[in-house]
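Topology and contacts: notes
The residues making up each chain are set out below.
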Amino acid sequence: MLVQEWALTGSKSFVADAGVTDCFAVVASEGDEPVLALVERSSINDSAVSENVLIDLTKRAANVNFTGVTPAQVFRGDAVAAALRDTLLFGALLTAAETTGAARKCLNSITEYLKTRKQFGKLIGSYQALKHPTVDIYVGMENARSFVYHGATVAGDESFDKDAEIACRMAKVAADDVMVYAGDRSVQFHGGFGFTWECDSSLFIRRAAWSQQQFGDAMHHRKRLAPLLLDS
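Concerning the pattern of salt bridges
- This structure, assessed with the given rule, holds twelve salt bridges.
- Salt-bridge contacts for Glu30 lead to Arg76; the nearest nitrogen and oxygen are separated by 2.6 Å. Note that Glu30 is positioned in strand β4 (residues 23–30) and Arg76 in the loop between β8 (73–75) and α1 (78–114), a separation of 46 residues in sequence.
- According to the relative accessible area criterion, Glu30 is partly exposed, its value standing at 30%.
- According to the relative accessible area criterion, Arg76 is partly exposed, its value standing at 38%.
- A salt bridge links Lys59 to Glu98, with the shortest nitrogen-to-oxygen separation between them at 2.7 Å. One end of the pair, Lys59, is in the loop between β6 (49–51) and β7 (61–65); the other, Glu98, is in helix α1, with 39 residues separating them in the sequence.
- Put simply, Arg85, Asp86, Glu165 and Arg169 are held in one network by salt bridges that share partners.

This is the structure:
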């Protein structure tokens, strides 16, 4: 995305909630410098917004073509790069919070099923092969929740310091890991029923696939955590 003569050129893909927003904060380049352009929805033609079909059907996103659109305002300067960096980190933390909540809901559905479904005359929750993974999900969920709480305490109004960056990245890693595992186990524990639309397991595994790509997946954040932690 570029700014040329006070107009934008280029497009953005998978813009969250693009169909219902009133204003876009568009990251663009002016020469070699990053800028932040505010674009009002009314300045964009409807034909420039094309809805995406997402794996998580509870989410909405669209591709937006900003070519030829004049921003309402453009922010420049050294503070822009820092603000964009903090926005991505805070977005990762907020996504981690939502993902951890989804993992909690997934865990609840698993435990309810284990307490009611019988196989070979016994509740399936009595089998260790199902008990142990369920405990792993619980431990992972509590671990992720702790990271999210910590991230919320160190993320303030000032520019994020090293501790805040570490906290946000670790929260995203923990939340992604537990949600992917919980969604997978939920499908497997429900058997053939778990693969159908009638079972909520399909929703959880779809949420896991979508949320881990938002603001960087676990591998992305681990790569950036390594130098931060080794330098501590």
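A few points about the sheet that holds β6
- Taken together, the three strands give an open sheet; going across it, the order is β3-β7-β6, and neighbouring strands pair in antiparallel fashion. Two strands bound the open sheet, and with one partner strand each, they are β3 (11–16) and β6. Between one strand and the next, the sheet's axes are offset by a mean angle of 25 degrees, whatever the strand orientation.
- Taken together, the three bridges between β6 and β7 define a ladder with antiparallel strand orientation. When the bridges of β7 are listed, Val49 appears paired with Val64.

Side note on the packing of aromatic side chains
- Per the stated rule, a full pass over the model turns up two aromatic pairs.
- Ring plane angle 85 degrees and centroid distance 5.4 Å describe the contact between Phe24 and Phe66, whose orientation is recorded as edge-to-face. Here Phe24, found in strand β4, pairs with Phe66, found in the loop between β7 and β8; they are 42 residues apart in sequence, far enough to count as distant. Side by side, Phe24 and Phe66 carry an identical accessibility label, which is buried.

Let's talk about the layout of surface pockets
- Estimates place the volume of the largest pocket at around 1200 Å³.
- What lines the largest pocket is a set of 31 residues, among which Phe14, Val15, Ala16, Leu88 and Phe215 lie closest to the centre.
- Only β3, β4, α1 and α4 (201–211) provide two or more residues apiece to the lining of the largest pocket.
- Sort the elements by how many residues they give to the lining of the largest pocket and α1 lands first, with nine residues.
- Classifying every residue of the lining of the largest pocket by side-chain character gives 17 nonpolar, nine polar and five charged.

Description of the side chain of Thr100
- You can see Thr100 is positioned in helix α1.
- Look at Thr100 and you get buried, because its relative accessible area is 5%.
- Within polar-contact distance, the side chain of Thr100 engages the backbone oxygen of Ala96 at 2.7 Å.

Parameters and conventions
- Residues numbered from 1 in each chain as written.
- Predicted model: local features only at pLDDT ≥ 70, side-chain atom pairs only at ≥ 80, totals over all residues.
- Heavy atoms only, no water.
- Salt bridge = Lys/Arg side-chain N within 4 Å of Asp/Glu carboxyl O.
- Helix = DSSP H or I, 4+ residues; strand = E, 2+ residues; numbered from the N terminus.
- Buried < 20%, exposed > 50% of the residue type's maximum accessible area, 1.4 Å probe, protein only.
- Pairing = 2+ DSSP bridges.
- Axes fitted to C-alpha atoms, helices over the stretch in contact; angles between N-to-C directions.
- Phe/Tyr/Trp six-rings, centres within 6.5 Å; stacked < 30°, edge-to-face > 60°.
- 1 Å grid on protein atoms, 1.4 Å probe; cavity = no way out; pocket = protein on both sides within 12 Å on 5 of 7 lines; lining within 4 Å.
- Points joined across faces, edges and corners; volume = space filled by probe spheres on them.
- Nonpolar A, V, L, I, M, F, W, Y, C, P; charged D, E, K, R; others polar.
- Polar contact = N/O pair within 3.5 Å; in protein donor to acceptor, adjacent residues only side chain to side chain.

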